[in-house]
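Results of the structural survey
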Amino acid sequence: MGGLDGVATLVHLARGGEIGESHQTPHTVLVTAPHRQVRRYGTVEQLDSARRASTRPVLLVPPLAVSTDCYDLSPGLSVVEHLLSTGRVPYVLDFGDMTRGDRHLGFADFFADIVPGAIAATLADFDGGRSTGEGVDLLSWSLGGTISFLTAAADPGLPVRSITAVGTPLDYDQVPPYPLVKTLMRPIGTKPVSLALRALGGIPAPLVRTAYRGTAWQRELKKPGYIIRNADDTEALTRMKAIDRFQETMPGYPGKASEQMWENFIMRGELARGVLTFDDVTVDLAKVSVPVQLFGSHRDAIVSWAAAHHGVDLFTGSPRVEFATVETSHLGLIAGSAAVEQTWPRIDEFLSSLN
């Protein structure tokens, strides 16, 4: 755009206007049940090509309280599009919005029911009902990686070939401000916060969105200057607005799962030690017996590098644990320019090495 168009763009944005449109790669919905929608991306021709090439399907598992847009953010920043371009067929599991009515959902609902069901649906579709004996590759961002690891550990017999976790916190003692919170709460225990979460029925979506923006406060402060500098760059502004839309669509945390994060992950440190107890179910992460790939960043304001790197020592039952450092933001690890240049190629190399 020329200078006049740039001024018009600034006025348009100042009035709350949009730049670009919501992006979705063409897909087919395979499962529509609540909190377990499964979609396959790409065309039938791409599916047939992947089958002939004997590549395995990739199931994208999202974090709780985050929309699946993280995997299909915008043209050029979509790991879905990237996987298709390499001849792989991506599937995504969508947990959907969480309301007070979902306050009963805990982690066991996800790792013992919802994710295994999505794995079965993925393989039934990709393999056309044939039993090949080969598994699915799980690719997850943030807390989605935790759910993927719990799933594989809870049932080592599931047809999972590998797990890639990008920016996944595996030791909350390495994530500020949780160590300070633990110290302050130690005299009174976990109950006050647990009861508050129970009363709220979880962590409501507006609070999640506000908290996420709070972790990216530098981006918010720099946004006006960024808009002015890029008034003539439609592509840059389109990507900025795609991130804004992503933040605005974050669902909430279900009640029971938020209580378990507080008690099991943060206060008792069970995730870091590798053995977790959810009601009458115990999960030992040493039972993760597939190759693992991890990513972390020193610039991640949500998950510290040390918290992500902890997985190198945690998955003792895995035949192979790889860790890569990509210096960018939390979202940037999976859907930013650094992801395009560093994260995605390393995922390609890892998956290709398994064939």
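Residues numbered from 1 in each chain as written. Predicted model: local features only at pLDDT ≥ 70, side-chain atom pairs only at ≥ 80, totals over all residues. Heavy atoms only, no water.

In the annotation of an unreviewed UniProt entry, the protein chain is listed under the name Hydrolase and assigned to Gordonia alkanivorans CGMCC 6845.

Along its length, the protein chain carries 16 helices and 12 strands. Restricting the contact set of the protein chain to residue pairs at least 6 apart, pairs at least 24 apart contribute 78%. Accessible area of the protein chain: about 15100 Å², with a carbon and sulfur share of 55%. (Helix = DSSP H or I, 4+ residues; strand = E, 2+ residues; numbered from the N terminus. Contact = heavy atoms within 4.5 Å. Areas by Shrake-Rupley, 256 points an atom, 1.4 Å probe, with all protein chains shown as cover.)

Moving on, we get to the packing of helix α6 (residues 178-185) against helix α11 (residues 255-267). Between α6 and α11, the least distance of the axes is 11 Å, while the angle of their chain directions is 100 degrees. Between α6 and α11, the angle is such that the two are roughly perpendicular. Packed against α6, whose contacting residues are Tyr-178, Val-181, Lys-182 and Met-185, the element α11 presents Trp-262, Ile-266 and Met-267 at the interface. Of the residues contributing to the contact of α6 with α11, the split by class is six nonpolar, no polar and one charged. (Axes fitted to C-alpha atoms, helices over the stretch in contact; angles between N-to-C directions. Parallel < 35°, antiparallel > 145°, perpendicular 65-115°, else oblique. Nonpolar A, V, L, I, M, F, W, Y, C, P; charged D, E, K, R; others polar.)

An order of β1-β2-β4-β3-β5-β6-β11-β12 is seen for the eight strands of this open sheet, with the pairing classed as mixed. Only two strands of the sheet have a single partner each, and these edge strands are β1 (27-31) and β12 (321-325). In this sheet, adjacent strand axes meet at a mean angle of 20 degrees when their direction is disregarded. Judged from the five bridges that link them, strand β11 (residues 292-296) and β12 form a sheet pairing that is parallel. By the bridge assignment for β12, Gly-296 is matched with Thr-325. The sheet contacts of helix α4 (residues 107-126) involve β1, β2 (37-41), β3 (58-61), β4 (90-94), β5 (136-141) and β6 (160-166), and relative to β4 the element is tilted by about 150 degrees. (Pairing = 2+ DSSP bridges.)

The next point concerns unusual backbone geometry. Omega for the bond connecting Pro-176 with Pro-177 falls within 30 degrees of zero, at 5 degrees, which places this linkage in the cis form. Positive phi outside glycine occurs at His-35, with the angle close to 65 degrees. Turning to its location among the elements, His-35 is positioned in the loop between β1 and β2. One non-glycine residue, Ser-142, lies in positive phi territory at about 55 degrees. Within the secondary structure, Ser-142 sits in the loop between β5 and α5 (143-154). Under the relative-accessibility criterion, Ser-142 is labelled buried at 11%. (Buried < 20%, exposed > 50% of the residue type's maximum accessible area, 1.4 Å probe, protein only.)

Attention now moves to the nonpolar core. If you look at the biggest cluster of nonpolar residues, it comprises 54 residues, and the most contacted ones within it are Phe-107, Phe-149 and Phe-265. In terms of residue count, α4 provides more of this core than any other element does, nine residues in total. Counting 30 residues, the second largest nonpolar core, distinct from the first, contains Val-80, Val-92, Ala-339 and Trp-344. (Core = buried A, V, L, I, M, F, W, Y, C linked by side-chain atoms within 4.5 Å.)

Attention now moves to the pairing of β11. Taken across its five residues, β11 has five buried, putting it largely inside the fold. Along β11, one buried face is formed by Val-292, Leu-294 and Gly-296 and the opposite face, lined by Gln-293 and Phe-295, is buried too.

Tallying each qualifying case throughout the model produces eight aromatic pairs. Centroid distance Tyr-172 to Phe-265: 5.7 Å. Interplanar angle 35 degrees. Geometry classified as tilted. Of the two residues, Tyr-172 is situated in the loop between β6 and α6 and Phe-265 in helix α11; the sequence distance between them amounts to 93 residues. Residue Tyr-172 is classed as buried on the basis of its relative accessible area, which comes to 6%. Through a chain of ring-to-ring contacts, three or more aromatic side chains come together here, namely Phe-107, Phe-111, Tyr-172, Tyr-178, Phe-265 and Phe-278. (Phe/Tyr/Trp six-rings, centres within 6.5 Å; stacked < 30°, edge-to-face > 60°.)

The end-to-end C-alpha distance of α5 is 17 Å, a good match for the 16 Å that 12 residues give at a rise of 1.5 Å each. Counting buried positions over the 12 residues of α5 gives 11, a clear majority of the element. Turning to α5, its buried residues are Leu-143, Gly-144, Gly-145, Thr-146, Ile-147, Ser-148, Phe-149, Leu-150, Thr-151, Ala-152 and Ala-153. (Expected span 1.5 Å × (residues − 1).)

Moving on to the environment of Ser-318. Tracing the backbone through its elements, the reader meets Ser-318 in the loop between α14 (311-314) and β12. For Ser-318, a relative accessible area of 12% puts it in the buried group. On a C-alpha basis, the gap between Ser-318 and Val-292 in space is 6.9 Å, while along the polypeptide they are 26 residues apart. Ignoring any residue separated from it by four or fewer positions in sequence, one finds Ser-318 in contact with Val-288, Ser-289, Val-290, Pro-291 and Val-292. Of the polar contacts made by the side chain of Ser-318, one reaches the backbone oxygen of Val-290; its length is 2.7 Å. (Polar contact = N/O pair within 3.5 Å; in protein donor to acceptor, adjacent residues only side chain to side chain.)

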